[in-house]
Amino acid sequence: MMTKYSILAALIAALGGLGAYLMLPHKRKGTRAGLAYKAGAQAAVLALVLFAALLSPLADFVATTFFDLFAVAAVASALLMVTARDPVHSALWFASVVLSTGGLFLLAGASFLAAGTIIVYAGAIIVTFLFVIMLAQMEGRAVYDRAAHSPGPATVSCFVLLWCLLASIATLSTDTSGPIETREQQFRAETSFSRIESLVERFRLHKHSAMLTVIDQASPATNRIHGGEGAEKPQVAGIGGSLYTDHLITAGLSGVLLFVALVGAIVITNPRPRPQATGRGQAI
Amino acid sequence: MAAIGILIKIFIVANVLMGAVAYLIWVERKIAAYAQDRIGPNRAGSEFGIPFGLLQPLADGAKMLLKEGVLPAYVNKPLYLIAPVIAIIAALLGFAVVPFGPVGPNQVMDFQIAPYVDIGILWVFAVGSLAVYAVILAGWSSNNKYSFIGGLRSSAQLISYEIPLGLSILGMVLITGSLDLNAIIRWQNEHHVWGVFVSPLGFIIFLVSAFAETNRLPFDLPESEQELVGGFHTEYSGMKFGMFFLGEYVHVITVSALTVILFGGGWDLWGLLPYLNYKDVGWIAAIAKLSVFSVKVAAVILFMMWIRWTLPRFRYDQLMDLAWKSLIPLALLNLFATAVVLQIVRG
Amino acid sequence: MRADDPCLKQMKPPELSLADRFFLPQIAVGLGVTARHIAGVMFRNKAITVQYPDEKHVPSPVYRGVHRLNRDEKGRVKCVACMLCATACPAHCIDIVGATAPETWPDREKYPESFVIDELRCIYCGMCEEACPVEAIELTGLYDLTGLSREQMIFDKAKLLSVFDATSNQEPMKYGKPPERALGSPTTELAPG
């Protein structure tokens, strides 16, 4: 089982790496540029199909279809974002990646994280990217955007990393012989990558259909911040509580960092008037 | 079965929304005319004895659908075609978590497309923030200076106004203790206190930011007719333009519904009428709540139109000043004050 | 002129009061103004709209609409083909072909054999009317000038005379009374060709 997934992961990584390398814009533009792009695209599509096969069969339509859709869309958009010739297209593919990731978060029951990701990344950061790209490059693409800087090492390192990820997650697959009854078992089933049986098994925790499970995951039943004593905290309150207890110093430090960045930005945008040669030290 | 029920609900809600949008356009034209001492559309339907031009939306819709779909040769075709679709999808998706009637396990049905969503209001903001893509893409792909400037303005404006919009509701979220829109209505209904009265500053900031988020006057810089010839939708015609229009009005409905839910008590009427308690179940209560809610939403929409025909457009720097120098500090102040008061009250 | 020139008067924008800087009171005032107008139209019928096919807009007596070629009391065209109007026309839309007047017309030497005005080129400035020494060409109050083709909008002598026939009872254009032929019937019906 383990080796099967490792080999499959290696195949995916190799095919994907080859595809990505061929799809990247290269400096030497020959007559075969279009051909190489097409070949790369085919390799990448093949890798994506294998990747989808690694995920899970279409055991339950609603549950797995959405997961597979979002997962494949995320990876494909990421590839297209890296290889797109036009920076505006790159930014849009980035938005697509964020949206797909948001969908995956939603399916995993992390609805706050999903909304937060979409608001912060798709709604603000990428829009700012677009704003800057549009403002800066109205006359066409810049020279340094027409070719990848060092496509070979980048592709190799990225896809070796991807292979490590795939292989290591694949080995996490749990024993799925019996039904899942405890939360710990469910957690292990969730973290296992080979969700072929485990996802289906996981529905046994819920007495209803698979779709209800998905809806239930997307919308946890508790929705009060001020929960009763001893009750499990819902996720928004849970995140808040965790941030202000377990990670208080981290949260404070990142706040300070952001504040310093804000001050720096203001200093950069509003340069103080240069001091005159005679009036040294007058300008403050 | 549950899936079919949900699909039917989505179908009905989407169609009612579209019909409402068609008549909102008629209402807007009427109000525009009245505010300028004109009469407005009053002919369509007079052949069939229907007064006030009430068939005008049909005529408008038929015109939109039958017009030639012009695809300019110089546009970026995929993005040009996808932009209006994004506009309408983002607007409709945002409505998914808006409860327009009673929602609960004991109720006759859930008057909400996606009930029991923990993060209701965050969802609206997440999807609403995607609507800006429609404007940016339309402006960029049109390959036209005016459209482009419209898209640029839109991106800056929407990013800026999302911040006060998000901050302004946090006061109400702190008070009611939930991000779920149903829970917010229930809190107001329990106490018979509307959000306007417990968080008046938040209400004003929310309303102003909502005007900006929906690109309505006085914040309609992305599509200003006078200087940008329509802005981001200059190059669009026929139903592609119609989709932007539909999207904008669905957005207006969503924002008005949010205003009513957050600050107008939802279907609460201070207990003046029966059947308007969150404990009431049954069809009569459901219809009563639905009616009260609809009337309130209609009132907010009328107010938005009234404002539109009253105020002139902001200048661009004024727009940015208002967001960054006035609204955001005020919203932070509101949040801080609410938190302090709540801490004192709750101990 | 320098910035510190004593002739320059320095203007400062008026100081905004605190209420003005919060916008809201002024917005309320503005809403009141709009509300007054809306209520005026809704309840007191104060709309200024003229419902065109049902109601007739009465143009001012100096309104410059379609031209007409006047006839004298004997029914002859008044024009003497002096070309002053064609010369005065800034749009060069008047085309006159003069001919020697018949023996039976002792009061003039020439008359227009053809008199064509291109109503599409015309800018309705009224210079021809001012230039005419015999008050032969006039601009009427007809404002609903329509045509289905460009050819229909090129008015020849017969058509221009028929405009006179249709509007002769309004000479001079009386203020307060709409031109009778003007409404409900496009001027293209005035004469065939």
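Regarding the overall build of chain A
When you go through chain A residue by residue, the secondary structure sums to 11 helices and 0 strands. Sequence-ordered secondary structure for chain A, helices as α and strands as β, is α-α-α-α-α-α-α-α-α-α-α. Within chain A, contacts between residues at least 6 apart in sequence are counted, and of these 62% link residues at least 24 apart. Accessible area of chain A: about 17500 Å², with a carbon and sulfur share of 69%.

Let's talk about empty space enclosed by the protein
Residues and elements named next belong to chain B. Summed over the entire model, instances satisfying the criterion amount to 6 cavities of 30 Å³ or more. Size it by volume and the largest cavity reaches roughly 240 Å³. Around the largest cavity, the lining is made up of 20 residues, and of these Val135, Asn215, Phe244, Gly247 and Glu248 lie nearest the centre. Every element with two or more residues in the lining of the largest cavity is listed here: helix H3 (77–94), helix H4 (120–141) and helix H10 (238–263). It is H10 that contributes the most residues to the lining of the largest cavity, 6 residues altogether.

Some details on the pattern of salt bridges
Inspection of the entire model under this criterion finds 13 salt bridges over all chains. Between C:Asp72 and C:Arg76 there is a salt bridge, and its shortest N-O distance comes to 3.0 Å. A single burial state applies to C:Asp72 and to C:Arg76, both of which are buried. Across the pair C:Asp107 and C:Arg76 runs a salt bridge, and its minimum N-O distance is 3.1 Å. Of the two residues, C:Asp107 is situated in the loop between strand E2 (94–100) and strand E3 (110–118) and C:Arg76 in the loop between strand E1 (67–69) and helix H3 (84–88); the sequence distance between them amounts to 31 residues. You can call C:Arg76 buried: its relative accessible area is 11%. When salt bridges with common partners are traced through the structure, they connect B:Glu28, B:Arg216, B:Glu248 and B:Arg308 into a single cluster.

A word on the packing of aromatic side chains
Using the criterion set out here, one finds 15 aromatic pairs over all chains in the structure. The interplanar angle of 25° and the centroid separation of 6.3 Å between the aromatic rings of A:Phe94 and A:Phe129 together place this pair among those described as stacked. Here the residue A:Phe94 occupies a position in helix H4 (residues 87–107), and A:Phe129 occupies one in helix H5 (residues 111–136), the gap between them amounting to 35 residues. Taking 5.4 Å as the distance between ring centres and 50° as the angle between the ring planes, the aromatic pair formed by B:Phe206 and B:Phe263 counts as tilted. With B:Phe206 in helix H8 (residues 200–213) and B:Phe263 in helix H10, this pair connects stretches of sequence that are 57 residues apart. Grouping residues by exposure puts B:Phe206 and B:Phe263 together as buried. Members of the aromatic cluster, connected to one another through ring pairs, are B:Tyr80, B:Phe232, B:Tyr236 and B:Phe244. Over the ring of B:Trp267 we find B:Lys289; its NZ or CZ atom is 4.6 Å from the centre of that ring.

Here's the deal with the interface of chain B and chain A
For an interface, size is often stated in terms of accessible area lost upon the parts coming together. Contact with chain B, which involves 32 residues of that partner, is made by 34 residues of chain A. Note on chain B versus chain A: buried area summed over both sides is about 2800 Å², and carbon and sulfur give 74% of it. By the criterion of area lost to chain A, the three top residues of chain B are B:Asp118, B:Tyr133 and B:Trp140, representing 21% of everything that side buries. Here chain B and chain A share 0 salt bridges between them. Our count for the contact surface shared by chain B and chain A stands at 2 residue pairs in polar contact (both at pLDDT 80 or more).

Some thoughts on the pairing of E3(C)
All names here are of chain C. Where E2 meets E3, 7 bridges bridge the pair, whose relative direction is antiparallel. Directly across from Asp95, in E3, lies its bridge partner Val116. Here E3 runs beside strand E5 (residues 154–155); their pairing, made up of 2 bridges, is antiparallel. Bridge pairing in E5 places Ile117 opposite Phe155.

What about unusual backbone geometry?
For residues that are not glycine, phi is negative in most cases, and the peptide bond is trans in most cases. Phi at B:Asn215 is positive, roughly 60°, even though this residue is not glycine. With respect to the secondary-structure elements, B:Asn215 resides in the loop between H8 and helix H9 (225–228). Despite not being glycine, C:Asn45 shows a phi value in the positive range, around 60°. The topology assignment puts C:Asn45 in the loop between helix H2 (24–44) and E1.

Some thoughts on the confidence of the model for chain A
Residues and elements named next belong to chain A. Per-residue confidence for chain A gives a mean pLDDT of 70; residues scoring 70 or more make up 59%. A low-confidence stretch, residues 215–232 stays under pLDDT 50, and its non-local contacts, those more than four residues away or across chains, total 31 contacts. Taken as a whole, residues 279–284 scores under 50 in pLDDT and shows 3 contacts with residues more than four places along the chain or in a different chain.

A look at the sheet that holds E5(C)
Residue and element names in this part refer to chain C. Strand order in the open sheet formed by 3 strands is E2-E3-E5, with antiparallel pairing between adjacent strands. Edge positions in the sheet fall to E2 and E5, since each of these pairs with one other strand and no more. The sheet strands contacting helix H5 (residues 157–167) are E3 and E5, and the helix crosses E3 at an angle near 90°.

A word on the interface of chain B and chain C
Taken together, the contact between chain B and chain C spans 17 residues of the former and 18 residues of the latter. Here chain B meets chain C over a buried area of about 1500 Å², counting both sides, of which 71% is carbon and sulfur. Taken as a group, B:Tyr34, B:Asp37 and B:Trp306 account for 37% of the area that chain B buries against chain C, more than any other trio of residues on that side. In this structure, the salt-bridge partner of B:Arg43 is C:Asp54, at a minimum N-O distance of 3.3 Å. Our count for the chain B to chain C interface comes out at 8 residue pairs in polar contact (both at pLDDT 80 or more). Contributing elements (two or more residues each) for the side of chain B that touches chain C: helix H1 (2–35) and helix H11 (283–308) of chain B.

Looking at the domain arrangement of chain B
All names here are of chain B. What the domain assignment lists for chain B is domain 1 (1–66) and domain 2 (67–346). The straight-line distance from the C-alpha centre of domain 1 to that of domain 2 is 21 Å. Counting residues at the interface gives 19 residues for domain 1, matched by 25 residues for domain 2. Here domain 1 and domain 2 share an interface that buries about 2100 Å² over both sides, 80% of which is from carbon and sulfur atoms. If you look at where domain 1 meets domain 2, you find 2 salt bridges. Residue Arg308 pairs with Glu28 through a salt bridge whose shortest N-O separation is 3.4 Å. The tally of links between domain 1 and domain 2 comes to 6 residue pairs in polar contact (both at pLDDT 80 or more). Only H1 and helix H2 (56–66) provide two or more residues apiece to the side of domain 1 that touches domain 2.

About the criteria used
- Residues numbered from 1 in each chain as written.
- Chains lettered and ligands numbered in written order.
- Predicted model: local features only at pLDDT ≥ 70, side-chain atom pairs only at ≥ 80, totals over all residues.
- Heavy atoms only, no water.
- Helix = DSSP H or I, 4+ residues; strand = E, 2+ residues; numbered from the N terminus.
- Contact = heavy atoms within 4.5 Å.
- Areas by Shrake-Rupley, 256 points an atom, 1.4 Å probe, with all protein chains shown as cover.
- 1 Å grid on protein atoms, 1.4 Å probe; cavity = no way out; pocket = protein on both sides within 12 Å on 5 of 7 lines; lining within 4 Å.
- Points joined across faces, edges and corners; volume = space filled by probe spheres on them.
- Salt bridge = Lys/Arg side-chain N within 4 Å of Asp/Glu carboxyl O.
- Buried < 20%, exposed > 50% of the residue type's maximum accessible area, 1.4 Å probe, protein only.
- Phe/Tyr/Trp six-rings, centres within 6.5 Å; stacked < 30°, edge-to-face > 60°.
- Lys NZ or Arg CZ within 6 Å of the ring centre and 35° of its normal.
- Buried area = accessible area lost by both parts, 1.4 Å probe.
- Polar contact = N/O pair within 3.5 Å; in protein donor to acceptor, adjacent residues only side chain to side chain.
- Pairing = 2+ DSSP bridges.
- pLDDT = per-residue confidence, 0-100.
- Axes fitted to C-alpha atoms, helices over the stretch in contact; angles between N-to-C directions.
- Domains from an automatic or database assignment.

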